[in-house]
Amino acid sequence: MKTKPTEKQLKFLDWEVGMFFHFGIRTFNTGHRDWDGIEMSAETFMPTMLDCRQWIRTAKDFGAKYAIMTTKHHDGFALWPTAYSEYSVKASPWKGGHGDVVREFTDACRAEGVATGLYYSPAQWGSTAVKFDKESEYDDYFINQIGELLTNYGKIDYLWFDGCGSAGHKYDQKRIITAIRTMQPDILVFGMWDPDTLWCGNEDGYARQPNFYTRTIDVMGQEVTRFAPDECDCRLRGHWFYDKDEHSIKSVEELIGMYEMSVGRGANLLLNVGPDDTGLISARDRDRLTELRAEIDRRYASPLSSFGDIKKTGDNTYSIEYTDVERMLIRDTDFIPPVRSIIIKEDVTGGQSIMRYKLYAHIPSRNPISDNKYCVWQGETIGHKAICRFPAVRTLRFTLEILDSDGEHVITDMKAYS
């Protein structure tokens, strides 16, 4: 059974690429790991050159349409001057205890036209942490902090919950979600209890296949079937926070594979970069992101204009054809560009339909109506976007054959790339 997306879910899929920023007390205490129990003093938080505009310009140059920052990680340190905990930027020497990273981040997102996302971990550890012992008291603390984030910083597009470490507490889920949806009715929620988007199941940048958007999930204690697209969160380096580990920066080859196996499988890619202890994105990280953007553009920014628009050629088939009539007449096939990729897009406004398909090249290339076709790609779901990459072939026509679908299907676009 297919389900329909909301307008904000369709917008989320159109974003395709986002940038995650893990920044906080851990940035200034390298070597620490989640739940290691080692205290980190608020006095160590001292970014000398913090520039959230630099972060967001870096994200924008990379092609990210949205950005998410860790406002409070599992360590409990808040990047805004919260009234509900002493463990925050107000206890640090940065700006004399009057700084607010969340303010600088949200202002930067809006100034650069990037959608604004905030990460929040409800769990926390250490001697300064609010304890889980009294459930209603902890829920009050939780709602109060989320309330500061959702009422003091304007419109927030995306709230990203990390459920790690929350198993020891029974939350009043309905109360919390009702509060969030009341404060920000148009917000997208990732993760816990009432999700608009879901985790892909790994932190390596790879979406599952098939990637069907209709999911049966637990929503506040009840099984609900709804439209819920995947997001693939992953790291540029070996760690989420800056850790002086430049040797672990991923290669362009690995990163382009993550892009093709996330965005290219109908999911979103959320790539993490940890700003360093000065409060800036390092030159090495920026350079790698520039190289990755260049490779994405080299492969996918310019479809071959010599192939025409998609045509529906049967109940379950669609085709694109080479349109240079002059070269076709003289059978000058050496000038047909070799094709290495086809990008297909499905209309999912009424729900996702396609479950299985094959893509064919018609060989020999000089015969545009040849039935002598060869399968160059076979896949399952298409969704928002499917990147089909294969060894280079020369042909005058590609045909997409839908083998299985959940009701009617509509292909909105099919482009060839060299």
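Details of the structure are given in the entry above.
Described in the following lines is the structure provided in the data block.

Rules used in this analysis
- Residues numbered from 1 in each chain as written.
- Predicted model: local features only at pLDDT ≥ 70, side-chain atom pairs only at ≥ 80, totals over all residues.
- Heavy atoms only, no water.
- Buried < 20%, exposed > 50% of the residue type's maximum accessible area, 1.4 Å probe, protein only.
- Helix = DSSP H or I, 4+ residues; strand = E, 2+ residues; numbered from the N terminus.
- Pairing = 2+ DSSP bridges.
- Salt bridge = Lys/Arg side-chain N within 4 Å of Asp/Glu carboxyl O.
- Contact = heavy atoms within 4.5 Å.
- Polar contact = N/O pair within 3.5 Å; in protein donor to acceptor, adjacent residues only side chain to side chain.
- Axes fitted to C-alpha atoms, helices over the stretch in contact; angles between N-to-C directions.
- Patch = residues over 30% accessible without salt bridge, like charges linked within 9 Å, V, L, I, M, F, W, Y side chains within 5 Å.
- Areas by Shrake-Rupley, 256 points an atom, 1.4 Å probe, with all protein chains shown as cover.
- Lys, Arg positive; Asp, Glu negative; His and termini not counted.
- Charge placed at Lys NZ, Arg CZ, Asp CG, Glu CD.
- Parallel < 35°, antiparallel > 145°, perpendicular 65-115°, else oblique.
- Left-handed = near helix turned anticlockwise from the far one by under 90°.
- Nonpolar A, V, L, I, M, F, W, Y, C, P; charged D, E, K, R; others polar.

### Points about the pairing of strand E13 (residues 339-346)
Of all 8 residues that make up E13, 6 are buried, and the element is covered over most of its length. Here E13 pairs with strand E16 (residues 386-393) via 5 bridges, running antiparallel. The partner of Val-339 across the bridge, within E16, is Val-393. The pairing of E13 with strand E18 (residues 411-417) spans 6 bridges and is classified as antiparallel. In the strand pairing of E18, Glu-346 is matched with Ile-411.

### Brief notes about the pattern of salt bridges
As enumerated under the stated definition, the model contains 28 salt bridges in all. Two residues, Lys-385 and Glu-16, come together in a salt bridge whose shortest N-O distance is 3.1 Å. In this pair, Lys-385 sits in the loop between strand E15 (373-379) and E16 while Glu-16 sits in the loop between helix H1 (7-15) and strand E1 (17-21), placing the two residues 369 residues apart along the sequence. Comparing Lys-385 with Glu-16 shows no difference in burial state: the two are buried. Measuring nitrogen to oxygen at the nearest pair gives 2.4 Å for the salt bridge that ties Arg-175 to Asp-140. Within this pair, whereas Arg-175 is found in helix H5 (residues 173-183), its partner Asp-140 is found in helix H4 (residues 135-151), the two being separated by 35 residues in sequence. Three or more residues are tied together by salt bridges with common partners; here these are Lys-8, Arg-181, Asp-194, Asp-196 and Arg-226.

### A look at H5
Listing the buried residues of H5 in full gives Ile-176, Ile-177, Ala-179, Ile-180 and Arg-181. Its buried side turned inward, H5 meets H1, H4, strand E4 (158-161) and strand E5 (188-190).

### Brief notes about the side chain of Ser-121
For Ser-121, the position within the fold is in the loop between strand E3 (115-120) and H4. A distance of 3.3 Å separates the side chain of Ser-121 from the backbone oxygen of Ala-123, its partner in a polar contact.

### Observations concerning the sheet that holds E15
Spatially, E11-E12-E17-E14-E15 is the arrangement adopted by the 5 strands of the open sheet, whose pairing is antiparallel. Two strands bound the open sheet, and with one partner strand each, they are strand E11 (311-314) and E15. Going across the sheet, the axis of each strand differs from the next one's by a mean of 30 degrees, ignoring polarity. As defined by bridge partners, strand E12 (residues 317-321) adjoins strand E17 (residues 397-405) across 5 bridges and the pair is classed as antiparallel. If you follow Ile-320 over to E17, its bridge partner there is Phe-398.

### Focus: a negative patch on the surface
Together, Glu-203, Asp-204, Glu-253 and Glu-254 make up a region of like negative charge exposed at the surface. Tracing the backbone shows Glu-254 in helix H6 (residues 252-260).

### Concerning helix H2 (residues 52-62)
For H2, the set of buried residues is Cys-52, Gln-54, Trp-55, Ile-56, Thr-58, Ala-59 and Phe-62. Lining the buried residues of H2 we find E1, strand E2 (66-72), helix H3 (101-112), strand E10 (268-273) and helix H7 (283-300). Capping the start of H2, Asp-51 holds a side-chain oxygen 3.1 Å from the backbone nitrogen of Arg-53, two or three residues further along. Immediately downstream of H2, the backbone of Gly-63 shows phi near 110 degrees, a positive value.

### Let's talk about the packing of H4 against H5
At a minimum axis distance of 10 Å, the contact between H4 and H5 shows a crossing angle of 15 degrees. When the interaxial angle is binned, H4 and H5 end up roughly parallel. As H4 runs across H5, the sense of the crossing is right-handed. Across the interface between the two elements, Ser-136, Asp-139, Asp-140, Phe-142, Ile-143, Ile-146, Gly-147, Leu-150 and Thr-151 from H4 touch Arg-175, Ile-176, Ala-179, Ile-180 and Met-183 from H5. Residues that form the contact of H4 with H5 fall into these classes: 8 nonpolar, 3 polar and 3 charged.

Purely geometric numbers; function is a separate question.
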